[in-house]
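Working through the structure, step by step
Letter by letter, the chains look like this.
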Amino acid sequence: MAEKGTWLVKKGLAEMLKAGVIMDVTTPEQAKIAEEAGACAVMALERVPADIRAAGGVARMADPTIIQRIMDAVTIPVMAKARIGHFVEAQILEALGVDYIDESEVLTPADDQYHIDKHAFKVPFVCGAKNLGEALRRIGEGAAMIRTKGEPGTGNVVEAVKHMRTVMGEIRRLQNLPTEELMTAAKNMAAPYDLVVEVAKTGKLPVVNFAAGGIATPADAALMMQLGVDGIFVGSGIFKSKDPVARAKAIVAATTYYNDPKILAEISRDLGEAMPGIEISNITPEQRMQERGW
Amino acid sequence: MKIGVLALQGAFREHIQVLNTLGCKAIEIKKSEQLDEINGLIIPGGESTTIGRLMNVYQLFDKIVSKANGGMPVFGTCAGCVILAKDIENSAQPRLGLMDITVTRNAFGRQVDSFEADLNIPELGENPFKGVFIRAPIIKRVESNVEVMAKIAGNIVMVRQDNLMACSFHPELTLDKRIHQYFLNMVIKAMNN
């Protein structure tokens, strides 16, 4: 008999998104532009992270009408964000029929200690992580896809690079540990032991891992791909730039041809101004979105 | 023998792994000149609009069509099935249009309706094949030259037309390698012709 919402179909959709670009959109028109430019999915939002950062206050799940209109406008998968720990926002998004839920630090956390029990849902979840322990805790809770946190809304790729290098370095370290040291490693990184053992054995995360948080150019996307991510989220980077259509197409091509500097040189030309960036040291630690999540 | 897996977007690595475990050499295809090296092509799952757009921009359509018309076996899974179809309901998206079939995209609904189910595929023997359907299309109509290989609840989900084969599910996500082996047999046959 047909079985829905299994781990294989949750994880499987993320596998199908690989080598693709998931773009933040706030209107059906932007969603159409993203789809035509070759996005493999869109993230339906009320505001992009740069505007959330500028507006301040409490950022919550988007109005269902906005999400529904975006779902009606495109044939590609539509994702939407719920606050960390806000399982009712997640229930609402599942009822709307979104294809993936991002339990996201871009929104203001609703719980200061616990994340959502993601196994309880049929819809799959993606979560952010700065390091391997955080990634494995989220997978333990049921996330079927991981992304770097980076620092959203900054147009500055440095934090995404840091998080990817951290995760990859920790995986390489685990691979070199003798079995008897894995339990202490699991304790030290506060990660589920069985997942630590699996990563030590396979040398990779058990789910797809995308880059997110600060990607603004085709070269940024290719950099993250060469560092080993499976695909790219672009938040504010497209619709906060001067020419969103050209930039969206270029970032899609860069994610496929990330290893081909000649093609990268060609597609990086004449894109107009990128979004204005923010130097990370100018954001006080308590305003850094990456610090949200436990 | 060398199989190419179109590697523009989607689950191409999984196909390469399955082919490698069957002892077959497999390479990623991102440019049209790489098509010269291969004896068969797999178009993987992913987003058909994304893959089709990149095939168009990087000029992969013409060469694949001419090689397929020359007898090279091509196998499309999920998005690959959509790209092989002549007709796609309610869509003008770029496609190869090699197979005489009409495809309906996302025919089972959204991701919450994605499912696993056992399929009866007579060509592969009596044991059922576990089909993983992710936002899957169905093949709504076929012309008389197309052989129906599998159905689920009355919907066609796997077809063959001479050297071309397509299915709407993901054999690369399960451990059962019979479909890939079947495709390799098609390639061997085509090479001996």
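Remember, predicted model here, so these are calculated numbers, not experimental data. (Residues numbered from 1 in each chain as written. Chains lettered and ligands numbered in written order. Predicted model: local features only at pLDDT ≥ 70, side-chain atom pairs only at ≥ 80, totals over all residues. Heavy atoms only, no water.)

Thoughts on the overall build of chain B
- Scanning chain B for helices and strands turns up five helices and twelve strands.
- The C-alpha atoms of chain B give 15 Å as radius of gyration, which agrees with the globular expectation for 193 residues (16 Å, within 12%).
- Principal axes of the C-alpha set define a box for chain B whose edges measure 40 × 35 × 30 Å.
- With 193 residues in all, chain B has 60% of them scored as buried.
- Pairs at least 24 apart in sequence give 64% of the contacts found in chain B among residues at least 6 apart.
- Of the roughly 7400 Å² of accessible surface on chain B, 45% is carried by carbon and sulfur atoms. (Helix = DSSP H or I, 4+ residues; strand = E, 2+ residues; numbered from the N terminus. Rg over C-alpha atoms; globule rule 2.2 N^0.38 Å. Buried < 20%, exposed > 50% of the residue type's maximum accessible area, 1.4 Å probe, protein only. Contact = heavy atoms within 4.5 Å. Areas by Shrake-Rupley, 256 points an atom, 1.4 Å probe, with all protein chains shown as cover.)

A short note on the environment of Ala120 of chain A
All names here are of chain A.
- Tracing the sequence through the fold places Ala120 in the loop between strand 5 (100-104) and strand 6 (125-129).
- Residue Ala120 is classed as exposed on the basis of its relative accessible area, which comes to 57%.
- Taking the C-alpha atoms as reference points, Ala120 and Gly5, separated by 115 residues in sequence, lie 9.9 Å from one another.

Examining the packing of helix 7 (residues 158-175) of chain A against helix 9 (residues 193-202) of chain A
All names here are of chain A.
- The interhelical angle for the contact between helix 7 and helix 9, taken along N-to-C directions, is 85°, at an axis separation of 8 Å. Regarding the angle of helix 7 to helix 9, the classification is roughly perpendicular. Seen from helix 7, the contacting residues are Ile171, Leu174 and Gln175; seen from helix 9, they are Val196, Val199 and Ala200.
- For the contact of helix 7 with helix 9, the class distribution of residues is five nonpolar, one polar and no charged. (Axes fitted to C-alpha atoms, helices over the stretch in contact; angles between N-to-C directions. Parallel < 35°, antiparallel > 145°, perpendicular 65-115°, else oblique. Nonpolar A, V, L, I, M, F, W, Y, C, P; charged D, E, K, R; others polar.)

Here we look at the pattern of salt bridges
- In the structure shown here, the tally under the stated rule is 28 salt bridges over all chains.
- In this structure, Arg135 of chain B and Asp99 of chain A form a salt bridge, with 3.0 Å as the shortest nitrogen-oxygen distance. Of this pair, Arg135 of chain B sits in the loop between strand 8 (129-133) and strand 9 (138-142) while Asp99 of chain A sits in the loop between helix 5 (87-96) and strand 5, placing the two residues on different chains. The pair Arg135 of chain B / Asp99 of chain A is uniform in exposure class, with both members buried.
- A salt bridge links Arg269 of chain A to Glu266 of chain A; the nearest nitrogen and oxygen atoms lie 3.6 Å apart.
- Ionic contacts of the salt-bridge type, sharing partners, join the residues Lys81, Asp102, Glu105 and Arg147 of chain A into one network. (Salt bridge = Lys/Arg side-chain N within 4 Å of Asp/Glu carboxyl O.)

Notes on the nonpolar core
- With 91 residues, the main nonpolar core has Met224 and Ile232 of chain A together with Leu41, Met55, Leu96 and Ile101 of chain B as its most contacted residues.
- When residues in this core are grouped by element, the largest group, six residues, is from helix 12 (residues 244-256) of chain A.
- Met55 of chain B has contacts with Leu6, Leu8, Leu60, Phe61, Ile64, Ile83 and Leu96 of chain B, leaving out every residue within four places of it along the chain.
- One finds Val5, Ala117, Leu119 and Val187 of chain B within the second-largest nonpolar core, a separate group that totals 33 residues. (Core = buried A, V, L, I, M, F, W, Y, C linked by side-chain atoms within 4.5 Å.)

Let's talk about the interface of chain A and chain B
- Chain A puts 43 residues into the contact, and the matching count from chain B is 37 residues.
- Interface area, chain A with chain B, both sides summed: about 3100 Å², of which 55% is carbon and sulfur.
- Interface area lost by chain A to chain B is led by Leu8, Met16 and Tyr257 of chain A, which between them contribute 22%.
- Run the count over chain A and chain B and you get six salt bridges.
- Between Lys4 of chain A and Asp113 of chain B there is a salt bridge, with the nearest N and O atoms lying 3.2 Å from each other.
- Where chain A packs against chain B, one counts 24 residue pairs in polar contact (both at pLDDT 80 or more).
- Only strand 1 (3-4), helix 1 (7-17), helix 2 (28-37), helix 12 and helix 13 (261-267) of chain A provide two or more residues apiece to the side of chain A that touches chain B. (Buried area = accessible area lost by both parts, 1.4 Å probe. Polar contact = N/O pair within 3.5 Å; in protein donor to acceptor, adjacent residues only side chain to side chain.)

Re unusual backbone geometry
All names here are of chain B.
- Not every positive phi belongs to a glycine, and Asn106 is a case in point at roughly 45°.
- Note on placement: Asn106 falls in the loop between strand 6 (99-104) and strand 7 (115-119).
- For Asn106, a relative accessible area of 24% gives the class partly exposed.
- In the Ramachandran plot, Ala153 falls in the positive-phi region, its phi being about 45° despite a non-glycine side chain.
- With a relative accessible area of 78%, Ala153 lands in the exposed category.

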